[in-house]
Amino acid sequence: MLKIAFHPIYKHPLPEKHRFPMIKYELLPQQLLHEGTCVEDNFFQPEIPSDDPILAVHDSEYYKALVNLDIKPSLARKIGFPLSNELVQRERIIADGTIKGCGFALKHGIAMNIAGGTHHAYSNRGEAFCMLNDQAIGARYLQNKGLAKRILIVDLDVHQGNGTAEIFQNDDSVFTFSMHGKGNYPFKKETSDLDIPLEKGTTDQEYLSILKNTFPKLLEKVQPNFIFYLCGVDVLASDKLGTLGMTLDGCMERDRYVLKTCHKVKIPVQCSMGGGYSPDIKTIVEAHANTFRLAQDIYA
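Numbering of residues begins from 1 in every chain and follows the order in which that chain's sequence is written. Predicted model: local features are reported for residues with pLDDT of at least 70 only, side-chain atom pairs are reported and counted for 80 or more only, and whole-chain, interface and lining totals are derived from all residues. Heavy atoms from the whole structure form the basis of all side-chain values; hydrogens and water molecules are not counted.

On to the pattern of salt bridges. By definition, a salt bridge exists where a carboxyl oxygen of Asp or Glu is found within 4 Å of a side-chain nitrogen of Lys or Arg. With the rule as written, the count across this model stands at twelve salt bridges. Note that Arg-293 and Glu-35 form a salt bridge whose closest N and O atoms lie 2.8 Å from each other. Here the residue Arg-293 occupies a position in helix H10 (residues 281-298), and Glu-35 occupies one in the loop between helix H1 (24-34) and strand E2 (43-44), the gap between them amounting to 258 residues. Only protein chains enter the area calculation, which uses a 1.4 Å probe; residues under 20% of their type maximum are buried, those over 50% are exposed, and those in between are partly exposed. With a relative accessible area of 32%, Glu-35 lands in the partly exposed category. Here Arg-90 makes a salt bridge to Glu-91, at a shortest N to O gap of 4.0 Å. Given a relative accessible area of 2%, Arg-90 falls into the buried group. Given the relative accessible area of 2%, Glu-91 is considered buried. To qualify as a helix, a DSSP run of H or I must reach at least 4 residues; to qualify as a strand, a run of E must reach at least 2; elements of each kind are numbered from the N terminus.

Now the structure itself:
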């Protein structure tokens, strides 16, 4: 059975007119249940994890400051959310959703997190709505538990996974692949193991051609035991914070290709949803829902 991490805390209250569409975390599971793509048993509720898997990735002084709400104001501003105990609790619970998802993926071939994809979180700081890097935490957890040796992180959010690149910059056991908008935030990029910057307005055809030419070669080169897939839907042409020109169908075909390939080669995959900032919340929810529909169909 497809297992999906979700907790009501994912929908965190924000100031009016904040640009982050927090409501999607409430609407997406509702939509999946309403249409029959999922049933209640598909969802599991993560908890606050122990500190150990987080400290295996994040600097102890940074983590202590975050938990104690003692982040310097200049660094707190870069996070983009008003800091609170509940917000930090939320971030820890999201990380646990990905940690537990790793176990479900090993058992069922795939697991998903309604939230996550917090790839702008560095080892020693947070930025751009990210404080703890859930997929980096999951990757190190798998390795430390002896459940995977070689890991591939496939980051197809429109923004480069700069925090993930920094965390694993000197680690050959985790291969970081980021395919993102060239002109998008972060404007100072880090160096992933493979970065593919895309020009403004890149179409479905161009995007999918590059991906389908790249992914099989990566699998051959890296020989991963486990894959993390960050499937942000901010690649859409309608996205307020993106620069690419993809359609809903193109975004869905991207996910179909990645998930079908993972299924075919029998490599477990954990999916975190990442970004999506289209003006119409229906577009965001539909694009994310497509990923879950595909997972249910491919892994049935």
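Let's shift gears to the layout of surface pockets. Of the pockets and cavities examined, the largest pocket occupies roughly 270 Å³. Every residue lining the largest pocket is counted, 16 residues in all, and those nearest its centre are Arg-19, Ala-128, Phe-129, Tyr-185 and Leu-241. Estimated volume of the second largest pocket: approximately 150 Å³. Forming the boundary of the second largest pocket are 13 residues, of which Pro-15, His-18, Phe-20, Pro-21 and Met-22 lie nearest the centre. Residue classes in the lining of the second largest pocket are distributed as seven nonpolar, two polar and four charged. Put simply, the grid is 1 Å and covers the protein atoms alone, a cavity is a trapped set of points that fit a 1.4 Å probe, a pocket is an open set with protein on both sides within 12 Å along at least five of seven lines, and lining residues have an atom within 4 Å of a point. Grid points are joined across faces, edges and corners, and a volume is the space filled by probe spheres set on the points. Note on residue categories: nonpolar means Ala, Val, Leu, Ile, Met, Phe, Trp, Tyr, Cys or Pro, charged means Asp, Glu, Lys or Arg, and polar means any other residue, Gly included.

What follows concerns the packing of aromatic side chains. Side-chain rings of Phe, Tyr and Trp, where Trp is taken by its six-membered ring, are said to pair if the distance between their centres is within 6.5 Å; with planes under 30 degrees apart they count as stacked, over 60 as edge-to-face, and otherwise as tilted. If you walk through the whole model with that rule in mind, you get twelve aromatic pairs. On the basis of an interplanar angle of 70° and a centroid distance of 6.0 Å, the ring pair of Phe-20 and Tyr-277 is categorised as edge-to-face. Highlighted residues: Phe-20 in the loop between strand E1 (3-5) and H1 and Tyr-277 in the loop between strand E8 (269-272) and H10, separated in sequence by 257 residues. Take Phe-20 and Tyr-277: they sit in the same class, and that class is buried.

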